[in-house]
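# Observations on chain architecture
If you want the building blocks of each chain, they are given just below.
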Amino acid sequence: MFNDDADPAIMEPIVAAMSAAPPEIAIEVLGAIMGNAQKMRDGLQALDIPKLTINSNRSPSDDDDDDAHGLKVLTMSNVGHFCMLDDPDTFNLMLREILKELVYTNYHRNRKRR
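Presented here is a report on the structure given in the accompanying data block. (Residues numbered from 1 in each chain as written. Predicted model: local features only at pLDDT ≥ 70, side-chain atom pairs only at ≥ 80, totals over all residues. Heavy atoms only, no water.)

### What about the overall build of the protein?
Looking only at helices and strands, the protein features 6 helices and 2 strands. Listed N to C, the secondary structure of the protein is α-α-α-β-α-β-α-α in terms of helices and strands. Its C-alpha atoms give the protein a radius of gyration of 17 Å, more than 25% over the compact-globule value 13 Å for 114 residues. Dimensions of the protein along its principal axes, counting C-alpha atoms only, are 55 × 35 × 25 Å. In the protein, which comprises 114 residues, the share counted as buried stands at 16%. For the protein, the distance from the average site of its 12 positive side-chain charges to the average site of its 19 negative ones is 16 Å. (Helix = DSSP H or I, 4+ residues; strand = E, 2+ residues; numbered from the N terminus. Rg over C-alpha atoms; globule rule 2.2 N^0.38 Å. Buried < 20%, exposed > 50% of the residue type's maximum accessible area, 1.4 Å probe, protein only. Lys, Arg positive; Asp, Glu negative; His and termini not counted. Charge placed at Lys NZ, Arg CZ, Asp CG, Glu CD.)

### Quick notes on the pattern of salt bridges
If you walk through the whole model with that rule in mind, you get 2 salt bridges. Between glutamate 101 and lysine 72 there is a salt bridge; the shortest N-O distance is 3.1 Å. One end of the pair, glutamate 101, is in helix 6 (residues 88–113); the other, lysine 72, is in strand 2 (residues 71–76), with 29 residues separating them in the sequence. With relative accessibility at 35%, the residue glutamate 101 sits in the partly exposed group. Exposure remark for lysine 72: the relative accessible area of 38% places this residue in the partly exposed category. (Salt bridge = Lys/Arg side-chain N within 4 Å of Asp/Glu carboxyl O.)

### Quick look at unusual backbone geometry
You will see that asparagine 78, though not glycine, has its phi angle at about 60°, which is positive. Tracing the backbone through its elements, the reader meets asparagine 78 in the loop between strand 2 and helix 5 (83–86).

### Observations concerning the nonpolar core
Within the largest apolar cluster, 7 residues are counted, these being Ile54, Met76, Val79, Cys83, Phe91, Met94 and Ile98. What phenylalanine 91 contacts, discounting residues up to four positions off in sequence, is Ile54, Met76, Cys83 and Met84. (Core = buried A, V, L, I, M, F, W, Y, C linked by side-chain atoms within 4.5 Å. Contact = heavy atoms within 4.5 Å.)

Here you go:
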């Protein structure tokens, strides 16, 4: 979940919190997450709104699956699972661009309705 050069000040509290979870609960939660993948896909497809995500390139998602569910994926390099903590400046820049795109799209969609 972390790059080899991850900042210990960021990594250690996350590892400590995750390690403190009772194994029976952590395993059950992980199983529920993994077992609900199809429900998540169905839920994404049912949403008639723009769907964007910022992911690490360490474990890229399936482009065809993303497209089928209307999910636009932006990718960050040299970060782990917690990309917003590993490189907050790049993450925030990307998030700003997403928000600008959503506001612009929504503004023009609403203007057409008038």
